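Listed below, chain by chain, are the residues.
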Amino acid sequence: NIVVYVPPVQLSRSVEIANDAEAQVQVDGGLPTFLVVRKADVAEVDQSNAATPVSGVRDQRVGELIRLVSARSRVSSVEPSLVYVPDARASVATISASRHHLVFGRRGAGKSALLMEARRRVAAEGSLDSWTNVQTLRHEEPQRVFLFILDDLLRTVISRRAHLSPASSRVLALSEIREQVRGLLNEDDTSAEQAKRIVPRVQRALMQYLEIEGARVFVFVDDFYYVPRETQPMVLDMLHGAVRDCDIWLKIASIRHLTNWWQSRPPMGLQSGQDADLIDLDVTLQDPEKASAFLEGILGEYARRVGIASLSRVFNRPALDRLVLAAGAVPRDYMVLGMSAINRALARPNSKLVGVQDVNQAAGDAASAKIQELEEDMASNSGVAQKTLASLATVRSFCLDETSFTYFLIGYRDKEAHPREYSYLTDLLDSRLVHLVAAGVSDASQAGIRFEAFMLDLSQFSGSRLKQRISVLDFEDGHFVSRQTRIANVKEVGGTARQLIGILRKAPEFSLERLT
């Protein structure tokens, strides 16, 4: 076995050529040779090229950045984050605690990255862990999803036996139950009742086994929203029942408005605050300055890995500000749109830096991809995607055709009177097609009247030419500004909270009844 350490940016390409390279490596005695490719620590990589300032988007290192982001923008159990940037809203210490957690966030918000970082930490501390991505099980019946998660948990626990003898009654009992689980999975059809009947036996066997082994176990379940929403409480209830009173902790990642984690009649699922704590990963535009610093921190770390000391060598300042707005403060969207904007800049003759218009065009290009992701994410929830797309058409028409405002208000009272219609709007929020700008906008003339302020995603109006005098929100120097299209140098600055509220009060009120 020959272990080869390579710079992070070269990892993907090195893995691709490793098999061909093995055939060319000769050792004494003609023994089979295996090349094992590993990522080198940053300190081990020659950083001499970082001393040379980047000359703009046409610098070779920018191409390396594009390839790196393309290869590592999505996190999986075999491809963890290139770098994990701590977030005050959800520390790794919190999610690594002995407590059940439900981790919520929009697609690309960093759910998988947080789970992978927590998995790395608990493994380093000597705990056991199992990992299941429900996306691969999306065509299975919900009770079989439970059994697949259970099978991986049992395999992990049994394979890491440290103290008990293989002939121990506790080991044999756990092994027998695992064989029963595998037998059910080998059947063409498994009923919910069959899965439910195994829960108390599993719980008892795990509790007795772990009492002697003394191991702590973490069960990571990613993309849980692929389980049909109406059956999610049942799956969570069975998982919770199987690990009850054991040193086993569930860490489940999902999209909030595609998740039903508790039903009261009959009581079933995970009750927040009692059975599990909730972690919300969504960085929103409510604090754009903080969102900007967080997102630039992530992309900046990627850039430094390829020798780019500062993002200002690739993007001009207004382009970075617009990128926050275009991404709706979603980390993965920020990364992907940033690379798309670089490609747009490269298509311009003699371009040096990425500009605002490059970001606008990249956002317009992303519109169809977001719709496709919406349909994929909601495929297991019949009819949801169609309702969400219909809601988008209504909101878009209201903003662009009727009122000429790309941002709008939703009244608190309207929200309470139309909870179903409001859920359609929050589906758009989770799909990154609208974004929350402010959660509490007071009415200037009526005490006690409050609103939420939303804005239409940039992808819905940046790809085509807009008619004149449409009011849009922009982001400059860490705060929002309001301006009208095709009118230069006329804008209203929301530099303080009071000034921003003044801007948002002028937005039209959208009636949720339109979504009935």
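Above this text you will find the structure in question.
Notes on the structure in this doc start here. This is a predicted model, so every value here is computed, not measured.

Section: the sheet that holds strand 4 (residues 128–133)
What the five strands build is an open sheet, ordered 4-5-6-3-9; its pairing is parallel. Across the chains shown, the open sheet's two edge strands, defined by having one partner strand only, are strand 4 and strand 9 (277–280). Neighbour to neighbour, the strand axes of the sheet diverge by 15 degrees on average, direction disregarded. Relative to strand 5 (residues 217–222), strand 4 is paired through six bridges, and the arrangement is parallel. Of the residues in strand 5, the one forming a bridge with Trp 131 is Phe 220. In the packing of helix 4 (residues 111–124) onto the sheet, contacts are made with strand 3 (101–104), strand 4, strand 5 and strand 6 (248–254), and the angle to strand 5 comes to roughly 165 degrees.

Details of empty space enclosed by the protein
If you walk through the whole model with that rule in mind, you get two cavities of 30 Å³ or more. Size it by volume and the second largest cavity reaches roughly 30 Å³. Around the second largest cavity, the lining residues are Val 134, Leu 137, Arg 138, Glu 140, Pro 142, Val 145, Tyr 226, Val 227 and Pro 228. Of the residues contributing to the lining of the second largest cavity, the split by class is seven nonpolar, no polar and two charged.

Digging into the pattern of salt bridges
Taken as a whole, this structure holds 25 salt bridges when the rule is applied. Salt-bridge contacts for Arg 144 lead to Glu 140; the nearest nitrogen and oxygen are separated by 2.8 Å. Its relative accessible area of 8% is what places Arg 144 among the buried residues. One salt bridge connects Lys 196 with Glu 193, and the closest N-O pair in it is separated by 3.9 Å. With Lys 196 and Glu 193 both in helix 7 (residues 192–213) and three residues apart, this pair spans about one turn of that helix. Exposure remark for Glu 193: the relative accessible area of 44% places this residue in the partly exposed category. The network of salt bridges with common partners includes Asp 151, Arg 178 and Arg 182.

Focus: the packing of aromatic side chains
Geometrically, a pair of aromatic rings is defined through the distance of the ring centres and the angle of the planes. In the structure shown here, the tally under the stated rule is nine aromatic pairs. Taking the centre distance of 5.4 Å and the plane angle of 75 degrees together, the rings of Phe 405 and Tyr 407 count as edge-to-face. We note that Phe 405, like Tyr 407, is buried. Look at Phe 408 and Phe 510: their rings are 5.8 Å apart centre to centre, the planes differ by 55 degrees, and that puts the pair in the tilted class. Separated by 102 residues along the polypeptide, Phe 408 in strand 10 (residues 407–411) and Phe 510 in the segment after helix 17 (497–505) bring together distant segments of the chain. Following the ring pairs from residue to residue traces out a cluster consisting of Phe 398, Phe 408, Phe 454 and Phe 510.

Cut-off values and rules
Residues numbered from 1 in each chain as written. Predicted model: local features only at pLDDT ≥ 70, side-chain atom pairs only at ≥ 80, totals over all residues. Heavy atoms only, no water. Pairing = 2+ DSSP bridges. Helix = DSSP H or I, 4+ residues; strand = E, 2+ residues; numbered from the N terminus. Axes fitted to C-alpha atoms, helices over the stretch in contact; angles between N-to-C directions. Contact = heavy atoms within 4.5 Å. 1 Å grid on protein atoms, 1.4 Å probe; cavity = no way out; pocket = protein on both sides within 12 Å on 5 of 7 lines; lining within 4 Å. Points joined across faces, edges and corners; volume = space filled by probe spheres on them. Nonpolar A, V, L, I, M, F, W, Y, C, P; charged D, E, K, R; others polar. Salt bridge = Lys/Arg side-chain N within 4 Å of Asp/Glu carboxyl O. Buried < 20%, exposed > 50% of the residue type's maximum accessible area, 1.4 Å probe, protein only. Phe/Tyr/Trp six-rings, centres within 6.5 Å; stacked < 30°, edge-to-face > 60°.

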